[in-house]
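# Structure assessment
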Amino acid sequence: MNEATIARQSLPVRGTGRVGTAWWGMLCLIATEAILFVYLIFSYLYLGAQSPGSWPPDGPPALRLALPDTCILLLSSAVLEWGKRMHRREHRRGTAWIVGLALTILLGAAFVGIQGVEWSRKSFAFSDDSYSCAYFTLTGLHLLHVVAGLIALSVVLAWSLAGRFRGQGYEQPRLAVLYWHFVDAVWLVVFAVIYLLPRIG
Amino acid sequence: MATKAEHLPQAERAKLDRTWETAPGLFGWVGTVDHKVIGIRYLVTSFVFLLLGGIEALVIRIQLAQPDLHVLTPEQYNQLFSMHGVTMIFLYALPVLSGFSNYLWPLMLGARDMAFPRLNALSYWLFVCAGLFLYASFPFGAAPDGGWFNYVPNAARTYDPGPNIDIFALGLIFLGISTTVGSANFVVTLLRCRAPGMSVNRLPIIVWGTFTASVANLFAVPAVSLACAELWLDRNAGAHFFEVSGGGQPLLWQHLFWMFGHPWVYALVLPSMGIVSDALPTFCRRPLVGYTAVAIATVSTMIVGFGVWVHHMFATGIPVLALSYFSAASFVIAIPSAIAVFSWIATIWTGRPVFKVPFLYFSSFILMFVIGGVSGVMTASVALDWQLTDTYFVVAHLHYVLIGINLFPVLGGIHYWFPKMTGRMMDERLGKWAFWLVLIGFNLAFFPMHFTGLMGMPRRVYTYPAEMGVGGLNLTTTIGAFVLALGILLFLTNVARSLARGADAGPNPWDAPTLEWSVPSPPPPYNFGVIPLIASRHPLWEDRLEDIEDASVLERGFLLDEDRETLGVTPLDAEPDVILKMPGDTILPFALALSISLLFGGLFAKSIWLGGAGTLAVLVVLTLWFRPRAEPLQERPALYE
């Protein structure tokens, strides 16, 4: 790079996506949170591997609620992505975006509700044994992330409705969408570990 | 060539000053986001913790000076050695390096601030709050007492029912937030906030070290936060992660703790090795030998460092195959370390050493590093480790590593950059006295400890019988500890004196090669009048080094004076691709740190109201933090010539 190229350049201000800085900050957050789940899953698997009895003690957990719940969460990610893309195409008139966002929040809330029902139907309590505390901690930590994502999406929805994102260069919607996708991706792994793995092993 | 920053017209500099300077009064004091102020605060605060941890160590050494002493009760002794470890490792060793990096990074990289100035302030305030939290129960005689690695079941509710361990568990999670936030800031700063031309092959080594440590922290800190959360749940909610009666596994704690702990040890030394790699060449009057090798060694040390955690657990009954693997991996770490050592030696060997105080610290650091490294290789061998583990040999090893590789470069680094930070030189004569006291005191204290350990004295026991025959060695160690403390005291006296009446430094008193020395001392709030254009690793030595083709340009470049602005560049090649807007003074970071403190207070007191209020406050502050501001995207050229 030499001086001549610099002199000819004009530059965007603030920048969006990977040209800005907020997107990179969000990647760091996602990386460190993802690894937190890795360590928690390690704990779960370690306790299982060292457990003298069967793991889970009562056989693999039922899929009756968990499978539809997983589909709901996946659907929410798809709807949100649809809203975001329509938003770009609509040149920010924003109906599709608002609809997509609201629908995602409803689906996310449904996930939390169904998870609550599943918890209340469990035959064991948090403090019973190592499986029960690992199960509730792993699903609970994920649920906490879903709630955090829902709060973020709701704030973004409120700002969208208030017309705070007119113009370009706002990163908040992009970051909230990215975070929501991450929360969903984590669930797929948690789901595979808790519900599917015992069926294979 | 020293006063390059002064070329900008007075009116232009005044405008930048108005834009960038911190507001006066209490608001500015609490709300500043200036990386230089935050960096110095980090340094000062971590030195306060160094003194606290040091005083604890001296009390411990009085107790151990002779056999069968009863200056301390066993309970007091447990709390003191635990808080000594927690303080030195968590509240001094990493924060002090964050201080250097916060202060130096933008100046070395050619930026006006870090990528996220508000996060920078947040990580500092969180560090202070977490430090206070960890010390909150100390005055009540209920400080953490399970050692810095806090093994279960000793730390379980059954054996330690008081608040001691809860403070440890919550405090470490709390501090982890600060570390994570700070690390993310370093990572993004390196990727995006540099001067044009400051490509990855031109970065100072301290930047490599801190970047590597920061990436590692992002991946390692969650392990200890999780372990602490699980322990807290075990103790307070009846969980069975470690509690054997319900199928829990005590060894799980050790795995999680050392998956964090070992990378963390490298996070404590890689940036300080970077300090030496950057500053030592200045006193050898030549560039560092083997820059690329040292940079690669830095990164590869950390990568291998993630695969050696079990060497802390050789005596726990792990399968032989695992022992062999982790032992071999631990031996491998010696290779990148040796590369760095040979580079430093070659730099001195082929240079023309100038025996100033920083050089004394840096060159003796190499010796301490080798001693600590060799005892490390010894303990990497499983057979020997079974004999040495839990004896004072390990204590000697870890102090050679941490004091030798962290404290020595830190003291040298403060001598080196003090003129940049304050505009004044530190006193050479006083500095030399302090150095010799530190060097002699340290070796007097810790070299005999190897023998104490070889003779079988177990660590973490409050006293020992006279028949063991280690009374003389222990007395020597105690005397050494006090000499070391005297040296530190003299060092601080030097700092205080030099602040008041040190000689005027000027921009580049050491005739050093890197970018931070091109700006006045202390640097103006905006760091650089124009963003420089970098063409080499040694922008200020270009006229005397033969192998450099392009010259760096420090007088012309992007002016960026519309508002608080700095340049964003592409991650690898550092080509400018965006103008970044920087936030001004704000109390949001301080408010967020207080809210999080409230939340942790609620967790500790198990109060729904306190915790709920904290959570609510966190959400409110975060919403304010991310609120959209009406600043449209625009394009414009901006060049000063």
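Conventions and cut-offs
Residues numbered from 1 in each chain as written. Chains lettered and ligands numbered in written order. Predicted model: local features only at pLDDT ≥ 70, side-chain atom pairs only at ≥ 80, totals over all residues. Helix = DSSP H or I, 4+ residues; strand = E, 2+ residues; numbered from the N terminus. Rg over C-alpha atoms; globule rule 2.2 N^0.38 Å. Buried ≥ 20, exposed ≤ 12 C-beta atoms within 10 Å, placed from the backbone. Contact = placed C-beta atoms within 7 Å. pLDDT = per-residue confidence, 0-100. Nonpolar A, V, L, I, M, F, W, Y, C, P; charged D, E, K, R; others polar. Pairing = 2+ DSSP bridges. Axes fitted to C-alpha atoms, helices over the stretch in contact; angles between N-to-C directions. Parallel < 35°, antiparallel > 145°, perpendicular 65-115°, else oblique. Left-handed = near helix turned anticlockwise from the far one by under 90°. Core = buried A, V, L, I, M, F, W, Y, C linked by C-beta atoms within 7 Å. Domains from an automatic or database assignment. Expected span 1.5 Å × (residues − 1). Bend = angle between axes of the 7 residues up to and from the residue.

Before going further, it helps to examine the overall build of chain B. Tallying secondary structure elements over chain B gives 18 helices and five strands in all. In summary, chain B has a C-alpha radius of gyration of 25 Å against a globular reference of 26 Å for 641 residues, a match within 12%. Counting only C-alpha atoms and orienting by the principal axes, one finds that chain B spans roughly 75 × 60 × 50 Å. Looking at chain B residue by residue over its 641 residues, the buried ones come to 57%. Looking at chain B alone, contacts between residues at least 24 apart form 80% of all its contacts between residues at least 6 apart.

The next point concerns the overall build of chain A. A count of helices and strands for chain A gives six helices and one strand. Shown N-terminal to C-terminal, the secondary structure of chain A runs as helices and strands in the order α-β-α-α-α-α-α. In summary, chain A has a C-alpha radius of gyration of 21 Å against a globular reference of 17 Å for 201 residues, an excess of more than 25%. Structurally, chain A occupies a C-alpha span of about 70 × 45 × 25 Å along its principal axes. Residue pairs in contact within chain A that sit at least 24 positions apart in sequence constitute 77% of those at least 6 positions apart.

So, about unusual backbone geometry. Residue A:P56 is reached from A:W55 by a cis peptide bond, and omega for that bond is -5°. In this structure, A:P56 sits in the loop between α2 (22-50) and α3 (66-89). Here the amide bond leading from B:S521 into B:P522 is cis, since omega sits at -15°, within 30 degrees of zero. The residue B:P522 is located in the loop between α16 (471-501) and β1 (531-533) in this model. Positive phi outside glycine occurs at A:R14, with the angle close to 70°. Of note, A:R14 is situated in the loop between β1 (11-12) and α2. Residue A:R14 is classed as buried on the basis of its 22 C-beta neighbours within 10 Å. If you check the backbone angles, B:N150 has positive phi at about 50° while not being a glycine.

Do not read the fine detail of predicted coordinates wherever pLDDT is low. All names here are of chain B. A residue-level look at chain B finds 97% of positions with pLDDT of 70 or above and a mean pLDDT of 94. Below a pLDDT of 50 lies the segment residues 1-5, which in the model reaches 13 contacts outside its immediate sequence neighbourhood of four places, other chains included. The ipTM, which scores confidence in the relative placement of chains, is 0.95 for this predicted complex, and the corresponding pTM is 0.95.

Listed by partner, the interface residues are 51 residues for chain B and 46 residues for chain A. Where the side of chain B that touches chain A is concerned, the elements lending two or more residues are α6 (164-192), α7 (205-237), α8 (250-284), β4 (576-581), α18 (608-626) and β5 (635-636) of chain B. Counting residues per element, the side of chain B that touches chain A draws most heavily on α7(B), at eight residues. Here the residues of the side of chain B that touches chain A are counted per class, giving 31 nonpolar, twelve polar and eight charged.

Bringing the pairing of strand β3 (residues 565-569) of chain B into the picture now. All names here are of chain B. Of all five residues in β3, five are buried, a share of seventy percent or more. Strand direction decides the pairing type here: β3 and β4, joined by five bridges, are antiparallel. From the neighbouring strand, G568 faces β4, where its bridge partner is V578.

Residues and elements named next belong to chain A. In the contact formed by α2 and helix α5 (residues 130-161), the axes pass within 10 Å of each other and the chain directions differ by 160°. Classified by the interaxial angle, the pair formed by α2 and α5 is roughly antiparallel. α2 and α5 meet at a crossing whose hand is left-handed. Contact residues: L40, I41, S43, Y44 and L47 in α2; S130, A134, T137, L138 and L141 in α5. Split into classes, the residues belonging to the contact of α2 with α5 amount to seven nonpolar, three polar and no charged.

Here we take up the nonpolar core. Residues B:L126 and B:L256 are the most contacted members of the largest nonpolar core, which totals 242 residues. Sequence-distant contacts of B:L256, defined by excluding residues within four places in its chain, comprise A:Y39, A:S43, B:A223, B:V224, B:L226 and B:A227.

Turning our eyes to something else, we now look at the domain arrangement of chain B. Its domain assignment divides chain B into domain 1 (29-518), domain 2 (531-579) and domain 3 (587-628). Taken over C-alpha atoms, the centre of domain 2 of chain B sits 41 Å from the centre of domain 3 of chain B.

Residues and elements named next belong to chain B. For the pair helix α3 (residues 35-64) and α16, the least separation of the axes is 9 Å and the interaxial angle reads 155°. In terms of their interaxial angle, α3 and α16 are classed as roughly antiparallel. Crossing of α3 against α16: the hand is left-handed. Contacts between α3 and α16 involve G54, A57, L58, R61, I62 and L64 on the former and, on the latter, N474, T477, T478, A481, F482, A485 and I488. Here the residues of the contact of α3 with α16 are counted per class, giving eight nonpolar, four polar and one charged.

So, on to the environment of B:T22. Residue and element names in this part refer to chain B. By the secondary structure assignment, T22 is in the loop between α1 (10-20) and α2 (25-31). As a C-alpha pair, T22 and S518 span 496 residues in sequence and 22 Å in three-dimensional space. Beyond its immediate stretch of four places on either side in the chain, T22 contacts G28, T32, D34, V37, P525 and D585.

Turning our eyes to something else, we now look at the confidence of the model for chain A. All names here are of chain A. The predicted model of chain A has a mean per-residue pLDDT of 90, with 93% of residues at 70 or higher. By mean pLDDT, helix α1 (residues 3-8) is the weakest element of chain A at 48, and α2 is the strongest at 97. Note on residues 1-5: pLDDT under 50 across the span, and five contacts to partners over four residues away in sequence or across chains.

On to the environment of B:A223, then. You can see B:A223 is positioned in helix α7. In this structure, the C-alpha to C-alpha distance between B:A223 and B:F257, residues 34 residues apart in sequence, is 6.6 Å. Once you skip the residues sitting within four places of it in the chain, B:A223 turns out to touch A:Y39, B:L256, B:M259 and B:F260.

Residue and element names in this part refer to chain B. Helix length check: helix α4 (residues 74-109), at 36 residues, gives a terminal C-alpha distance of 50 Å against a target of 52 Å (1.5 Å per residue), a fit within 8%. At T87, α4 shows its maximal kink, close to 30°. Among the 36 residues of α4, 33 are classified as buried, and the element is accordingly described as predominantly covered. Trailing α4 by a residue or two, G110 shows a phi angle of about 85°, which is positive.

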